[in-house]
Each structure stands twice: as C-alpha cells, then as structure tokens.
Amino acid sequence: MLHKMTRGALIVFEGCDRCGKTTQCKKLVDALNRDGGKAEFMRFPERSTAIGQTISGYLEKKSELEDHAVHLLFSANRWELVPKMLRLLNSGTTLIVDRYAYSGVAFTGAKPGFDLQWCKQPDVGLPKPDQVLYLTLSPEEASKRAAFGTERYENTEFQERVAKNFEILKEHDWKIVNAGKSIEDLHGEIKSIVTQTVESSKDKPILKLWS
Ligand code: NYM
C-alpha cells in the first residue's frame, strides 16, 4: 500500500540574546531524532553563504553597512535557504530554526527611524512557522548569566528595545516559555510542545508568513 508522505514541521525559536535558544534547539533536534523522527537544526543568519559572510563581518564589526541594506541582506539570507527548507520539510524533516524573520524585524526595528511595517515587507511570503517558541528571561536572570559578547547589538539598552519589539510582533499562537529554569526542565517543556506540533502539522499545507 502506498503511504502519503507527511511533511515535517517548521519550528522557530526566538528571544533575546543569551536566553539559551541555541542550547535548546540542539537538544531538541537530538531528542526528536532519538525518538525516531527526522529533525535538522538551522539558524539565521546562516553565516556560511556569501550573503551570510557579509552579515557575519558586519556583526563582528569588521565592516560597516547601511542599516536598510543590512536588513535586506538578513532577509535575503533567509530567502536563499527557502528551497532547502521546503525540500526538507516536504521530505518529512522537521526543522528546528534558531531565529527567523521576527528577529530580523525586532533587531532592525530597534534602530532609530525604523518602522516595524517597513521591516516586515522583505520577509512577507517566507514559509510560515508551524510553531514559534519565544524564550523569555527576566533582567535579573539574564544578569546572572555570562556577560554579553562583543558582537554588534549585544548591550542591555538595545536588547530592551528588541524585547519590546518581540512583544509587538508576538502572535496569539506563540508559545511563551520562561527560560529562567534549568536546561533539562526547559527542554522537557519545549519537547512536549514541539511533539504536538510535529503531529498536528503533518497533513497541513505550509502557509506563507505575514500574507
Ligand atoms: N539578527 C539576526 C538580526 O539583526 N537580524 C536578523 O534577521 C537575524 C536573524 O544577528 N544579535 C541579529 C540577532 C543577533 C545576531 O546572533 C545573530 P546569533 O548569536 O548568531 O544568533
């Protein structure tokens, strides 16, 4: 008997710097694969491409770029990965993605003179996540963690503006997860949410973001 191939789910992690997104994404991928599913880790910016290398040089403060121009590069970096994302999703692989278009809007929108509506436009039509997990951390918890790195945007004042933008972008179906708990507790909570999403997305079409 022929079985219809079911698709993988598109799961996106968002949140401010240092909230533990990357650790949780990787643990989740391992857990889903151990349970017999197919899952892959992706992150944005994806620094390995030509566009990604330009972005990386900018984040490392090795180069300067005009603010609108770099915003469009972050978006282009997502679009260039869309064919790969769709191929994987349609072949049944769940994608666990560390940052997506919401980071694009929240970070650029934290710069003076940027309007969130303008920031959203280049990402309109990207594959829409089946689930966004938004990791939050109180300023007290955040201050207990390792100091910020030296990349662009890594300072408290900027991050506060980013957090405000995430609050505006947040949609009713986002899962807001308090990241101020142990790695294992947080993982357990996230895994149970994502396991349900993987199941419920199987027969649904992949929708388009912000359209
Ligand atoms: N960032 C990330 C943006 O400014 N725009 C985007 O579209 C995306 C995806 O890059 N500070 C910012 C957020 C982070 C930095 O850091 C990437 P990391 O540690 O690689 O996630």
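Residues numbered from 1 in each chain as written. Predicted model: local features only at pLDDT ≥ 70, side-chain atom pairs only at ≥ 80, totals over all residues. Heavy atoms only, no water.

**A look at the side chain of R7**
Thinking step 1. Along the chain, R7 falls in the segment before strand 1 (10–15).
Thinking step 2. In terms of polar contacts, R7 uses its side chain to reach the side chain of D130, at 2.9 Å.
Thinking step 3. A polar atom in the side chain of R7 sits 3.3 Å from the backbone oxygen of P205.
Thinking step 4. If sequence neighbours within four positions are ignored, R7 has contacts with L89, N90, G92, D130, S201, K202, K204, P205 and I206. (Helix = DSSP H or I, 4+ residues; strand = E, 2+ residues; numbered from the N terminus. Polar contact = N/O pair within 3.5 Å; in protein donor to acceptor, adjacent residues only side chain to side chain. Contact = heavy atoms within 4.5 Å.)

**What to know about the packing of helix 1 (residues 21–34) against helix 9 (residues 183–201)**
Thinking step 1. At a minimum axis distance of 10 Å, the contact between helix 1 and helix 9 shows a crossing angle of 55°. By the criterion of interaxial angle, the relationship of helix 1 to helix 9 is oblique. Like other packed secondary-structure pairs, helix 1 and helix 9 cross with a definite hand, here right-handed. Mapping the contact onto sequence places T23, Q24, K27, L28, A31 and L32 in helix 1 and I183, E184, L186, H187, I190, K191 and V194 in helix 9.
Thinking step 2. Here the residues of the contact of helix 1 with helix 9 sort into seven nonpolar, three polar and three charged. (Axes fitted to C-alpha atoms, helices over the stretch in contact; angles between N-to-C directions. Parallel < 35°, antiparallel > 145°, perpendicular 65-115°, else oblique. Left-handed = near helix turned anticlockwise from the far one by under 90°. Nonpolar A, V, L, I, M, F, W, Y, C, P; charged D, E, K, R; others polar.)

**Concerning the site of the ligand**
Thinking step 1. Lining the immediate surroundings of the ligand are 13 residues, of which R47, F74, R78, R99 and G104 lie closest.
Thinking step 2. A distance of 3.3 Å separates a nitrogen atom of the ligand from a polar atom in the side chain of D17.
Thinking step 3. Contact between the ligand and R47: an oxygen atom at 3.0 Å from a side-chain N or O atom of the residue.
Thinking step 4. Those elements that provide at least two residues to the shell around the ligand are helix 3 (67–79) and helix 5 (101–108).
Thinking step 5. When residues in the shell around the ligand are grouped by element, the largest group, three residues, is from helix 5.
Thinking step 6. A per-class count over the shell around the ligand returns six nonpolar, two polar and five charged. (Near = heavy atom within 4 Å.)

**A word on the nonpolar core**
Thinking step 1. Membership of the largest hydrophobic core comes to 38 residues, with the highest contact counts inside it found for L95, V97, Y100, Y102 and V162.
Thinking step 2. In terms of residues, this core owes the most to one element, helix 5, which gives five residues.
Thinking step 3. Once you skip the residues sitting within four places of it in the chain, Y102 turns out to touch V12, E14, P129, V132, F166, L169, E171, W174, L209 and W210.
Thinking step 4. A9, L28, I96 and L133 belong to the second-largest nonpolar core, a separate cluster that totals 19 residues. (Core = buried A, V, L, I, M, F, W, Y, C linked by side-chain atoms within 4.5 Å. Buried < 20%, exposed > 50% of the residue type's maximum accessible area, 1.4 Å probe, protein only.)

Read these as spatial facts, not as claims about activity.
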